[in-house]
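Structure at a glance
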Amino acid sequence: MHHSPTHLGGKLLLADPSLRGSLFQRSVILIHDHQPKEGAMGLILNQPTGKQVGDFLKSAEFETISQLPVHVGGPVDGNQLTFSSFWWTPKRGLRWANRLSPEQAAEHGRRPGRILRSFIGYSGWGSGQLEDELEQKSWLPVAPKSQLLGQSHDPGLWATLLGEISPLHRLMAMAPENLDLN
């Protein structure tokens, strides 16, 4: 049974605490494109690889972005390095430009108020797939707040954002990752 299509473009999806043992465990995903007929695309924001752009692009022309941390964007196209720029506008909230070339990324990096990120791979859902996962309560959709850009995009981001939803969610966020060990 499908509800009226929800448009999730621009929303953050927080992995439900029950979502374990996959790449998406404790992940925060920005859905940058959602067309109910075609499906959805997004980027995991909080899984740094520990590498920097300079580890992949050695050329001197990319010097300005060589220190940029590289994140795992998702399981699709896992060998593809892409760049995204994020910024906040008072009227429209979180905005972004995706699939930037290294040259465009360097240019965006010079603009004030822009956060530049590099990703390997992205997350994708076929038509209706994300809606099904939402019905199964795999994800908690939340609207991004302006402080997102200033927060560190590391694994701790999930607990921070989850804890902002409600006191109950704050308890869920603090629960140990693997309850079987306790």
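What counts and what doesn't
- Residues numbered from 1 in each chain as written.
- Predicted model: local features only at pLDDT ≥ 70, side-chain atom pairs only at ≥ 80, totals over all residues.
- Heavy atoms only, no water.
- Axes fitted to C-alpha atoms, helices over the stretch in contact; angles between N-to-C directions.
- Helix = DSSP H or I, 4+ residues; strand = E, 2+ residues; numbered from the N terminus.
- Parallel < 35°, antiparallel > 145°, perpendicular 65-115°, else oblique.
- Left-handed = near helix turned anticlockwise from the far one by under 90°.
- Contact = heavy atoms within 4.5 Å.
- Nonpolar A, V, L, I, M, F, W, Y, C, P; charged D, E, K, R; others polar.
- Salt bridge = Lys/Arg side-chain N within 4 Å of Asp/Glu carboxyl O.
- Buried < 20%, exposed > 50% of the residue type's maximum accessible area, 1.4 Å probe, protein only.
- Polar contact = N/O pair within 3.5 Å; in protein donor to acceptor, adjacent residues only side chain to side chain.

1. Observations regarding the packing of helix α3 (residues 156-163) against helix α4 (residues 167-174)
Taken N-terminus to C-terminus, the directions of α3 and α4 make an angle of 160 degrees; their axes are 7 Å apart at the nearest point. The angle between the axes of α3 and α4 places the two elements in the roughly antiparallel class. The chirality of how α3 crosses α4 is left-handed. Together, W158, A159, L162 and G163 of α3 and H169, R170, M172 and A173 of α4 make up the contact between the two elements. Of the residues contributing to the contact of α3 with α4, the split by class is 5 nonpolar, 2 polar and 1 charged.

2. Quick word on the pattern of salt bridges
Throughout the structure, instances matching the rule amount to 3 salt bridges. For R99, the salt bridge goes to D77, with nearest N and O atoms at 3.8 Å. With R99 in strand β7 (residues 93-100) and D77 in strand β6 (residues 76-89), this pair connects stretches of sequence that are 22 residues apart. Residue R99 is classed as partly exposed on the basis of its relative accessible area of 47%. Between K145 and E164 there is a salt bridge, with its nearest N and O atoms 3.4 Å apart.

3. With respect to the side chain of H34
Mapped onto the secondary structure, H34 falls in strand β2 (residues 28-35). Taking relative accessible area as the criterion, H34 reaches 1% and is therefore assigned buried. At a separation of 3.0 Å, a polar atom in the side chain of H34 contacts the main-chain amide nitrogen of L8. Within the structure, the side chain of H34 is placed 2.9 Å from the side chain of E131, a separation counted as a polar contact.

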